[in-house]
Amino acid sequence: MTPTRILVLNSGSSSLKYQLLDMRDHSRLALGLVEKIGEQTSALTHTPLLGEDAGKKRVHETRFADHDEALQAVALELAADGLGLDSPELAAIGHRVVHGGLRFSAPTVVTDEVLAEIERLVPVAPLHNPANITGIKTAQALRPDLPQVAVFDTAFHTTMPEYAARYAIDVETADAHRIRRYGFHGTSHAFVSRRTAALLGKDPSEVNVIVLHLGNGASASAVAGGRCVDTSMGLTPLEGLVMGTRSGDLDPAVIFHLERVAGMSSEEIDTLLNKKSGLVGLCGENDMREIRRRIDEGDKQAELAFEIYIHRLKKYIGAYSAVLGKVDAVAFTAGVGENAAPVREAAVTGLEELGLAVDATLNSVRSDEPRIISPEYARVAVAVVPTDEELEIAHQAYDLVRESD
Ligand code: AMP
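The model shown is predicted, which means the values in this text are computed figures rather than measured ones.

**So, the packing of helix α7 (residues 253-261) against helix α8 (residues 266-275)**
Now for step 1: Running from amino to carboxyl end, α7 crosses α8 at an angle of 130°, the nearest separation of the two axes being 10 Å. The angle between α7 and α8 places the two elements in the oblique class. For the crossing formed where α7 meets α8, the hand is right-handed. Along its contact with α7, which presents Ile 255, Leu 258 and Glu 259, the element α8 presents Ser 266, Ile 269, Leu 272 and Leu 273.
Now for step 2: In terms of residue class, the contact of α7 with α8 is made up of five nonpolar, one polar and one charged.

Here you go:
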């Protein structure tokens, strides 16, 4: 029997998300999430997607001391559905790894040497890479015979030209500390830009696309002929668009000013900019649904937060139109991009000279399918293209293990 299943793991510092997919038809067999790993009470939510129990959530509230215990519990849940991780049908485990630096431009089978390199990148991704490493080691212990494939969030952006990736700071200092723009959400930007080309009936090599990944984290990318040429996140995911809790772009001197004038430590400023800024900092709320509800009630603070969010988004659409020269499509994706029609409308309003417009009726349609929402006359297609990072990770992992068979 040829193994066709891929388990996708996305390990956070205290969480573990997973999906089991069958790559013959890309169907999901099960998915779930373990939260609050290491806390007093953790929660495992498992949903089988096949058989009699399909769609019936099973929730366990108990303590999982670490990722090892969490994954063992996930394995038991899968086994109860007849999908045990000891199954010969499992082809590989695909891991989302946030930072692959310059070295990893493609999915990679994890070896000791690869793991050491991911570890060497911890200083540039202190919040994410340690959790990803833990996830890989835990999965290795469970199935040492199985290929573990690392799929990097930064990989799609390694094609950025040097002039887009390099900050205008002293070259020696930058190189000594590996300071440059890496970009993130690459798996999503890759998936969505390809899907957008397909929606236009073209090959990715034939089209230029601006991808707007607007979730709680948010980033934009300029993709020319299938290759990323610029993206809004930088050394870390802090740069660029206004996000749920991150500031995005700001004058770096704000940091020195806060140190000097407010007496804040670098840790405090880090927390301020990553966790207490963006929409939360501006109006105390990062859920776009709630922000829209407050605006409808006449809340001025929520309205200003929305305007700041949209203003930044427009600046990036304009910048990437200039970077690409010719734009075939602008694709909205992730939680906000896929669901918030007012954000899509506001983002393109006033950009008619760039060829952008949305049709109000098409924009208001709710669907899980990729779709065009611009009127027929528009020069640039505006599209809503749901992202699927798990499917993309599964694809990349599966293709890699099949190639090496
Ligand atoms: P993500 O990080 O891609 O899961 O996106 C999460 C964000 O999407 C939430 O914080 C909300 O702001 C936004 N979101 C989710 N559903 C909706 C919706 N129906 N309308 C507007 N915004 C939404």
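Moving on, there is more to tell.
**Some words on the UniProt feature "site: Transition state stabilizer" (unreviewed entry) in the protein chain**
Now for step 1: Here the UniProt feature "site: Transition state stabilizer" (unreviewed entry) sits at His 185 and Arg 246.
Now for step 2: With respect to the element layout, His 185 can be found in the loop between α5 (171-176) and α6 (186-199).
Now for step 3: The class of His 185 is buried, set by a relative accessible area of 11%.
Now for step 4: On the secondary structure map, Arg 246 appears in the loop between β11 (227-231) and α7.

**Details of the UniProt feature "binding site: substrate" (unreviewed entry) in the protein chain**
Now for step 1: Mapped onto the present numbering, the UniProt feature "binding site: substrate" (unreviewed entry) falls at Arg 96.
Now for step 2: Position of Arg 96 among the secondary structure elements: in strand β6 (residues 90-97).
Now for step 3: When near neighbours in sequence (up to four residues on either side) are disregarded, Arg 96 contacts Leu 9, Asn 10, Asn 132, Val 151, Asp 153 and Ile 393.

**Remarks on the site of the ligand**
Now for step 1: Around the ligand, the surrounding shell consists of Gly 215, Asn 216, Asn 286, Asp 287, Met 288, Arg 289, Ala 334, Gly 335, Val 336, Asn 339, Ala 340 and Arg 366.
Now for step 2: Asn 286 places a polar main-chain atom, nitrogen or oxygen, 3.3 Å from an oxygen atom of the ligand.
Now for step 3: Taken by itself the ligand offers 500 Å² of open surface, and the protein chains cover 68% of this.
Now for step 4: When contributions to the shell around the ligand are tallied by element, the ones reaching two or more residues are α10 (288-296) and α12 (334-339).
Now for step 5: Sorting elements by how many residues they give to the shell around the ligand places α12 first, with four residues.

**Structural notes on the pairing of strand β4 (residues 42-48)**
Now for step 1: Among the seven residues that make up β4, seven are buried, leaving the element largely enclosed by the rest of the structure.
Now for step 2: Alternating positions in β4 separate into two faces, Ser 42, Leu 44, His 46 and Pro 48 on one and Ala 43, Thr 45 and Thr 47 on the other, with burial throughout.
Now for step 3: As judged from the six bridges shared by strand β3 (residues 27-35) and β4, these two strands associate in the antiparallel manner. The residue bridging Ala 30 from the neighbouring strand is Pro 48, located in β4.
Now for step 4: Linking two consecutive strands that pair antiparallel, namely β3 and β4, is a turn of six residues; a positive phi of about 55° is found at Lys 36 within it.
Now for step 5: In the sheet, β4 pairs with strand β5 (residues 58-62) via five bridges, with the strands oriented antiparallel. Each residue of the ladder has a partner; that of Thr 45, found in β5, is Val 59.

**Some remarks on the side chain of Thr 47**
Now for step 1: In this fold, Thr 47 is placed in strand β4.
Now for step 2: Overall, Thr 47 belongs to the buried group, its relative accessible area being 9%.
Now for step 3: Among residues more than four places away in sequence, those in contact with Thr 47 are Ala 30, Leu 31, Gly 55, Lys 56 and Lys 57.

**Here we look at the pairing of β3**
Now for step 1: Two elements, strand β2 (residues 16-22) and β3, share seven bridges in a ladder whose sense is antiparallel. When the sheet's bridge partners are listed, Leu 20 is paired in β3 with Ala 30.

Reading the values: the criteria
Residues numbered from 1 in each chain as written. Predicted model: local features only at pLDDT ≥ 70, side-chain atom pairs only at ≥ 80, totals over all residues. Heavy atoms only, no water. Axes fitted to C-alpha atoms, helices over the stretch in contact; angles between N-to-C directions. Helix = DSSP H or I, 4+ residues; strand = E, 2+ residues; numbered from the N terminus. Parallel < 35°, antiparallel > 145°, perpendicular 65-115°, else oblique. Left-handed = near helix turned anticlockwise from the far one by under 90°. Contact = heavy atoms within 4.5 Å. Nonpolar A, V, L, I, M, F, W, Y, C, P; charged D, E, K, R; others polar. UniProt positions renumbered as here; feature names shortened; annotations may be inferred. Buried < 20%, exposed > 50% of the residue type's maximum accessible area, 1.4 Å probe, protein only. Near = heavy atom within 4 Å. Polar contact = N/O pair within 3.5 Å; in protein donor to acceptor, adjacent residues only side chain to side chain. Areas by Shrake-Rupley, 256 points an atom, 1.4 Å probe, with all protein chains shown as cover. Pairing = 2+ DSSP bridges.

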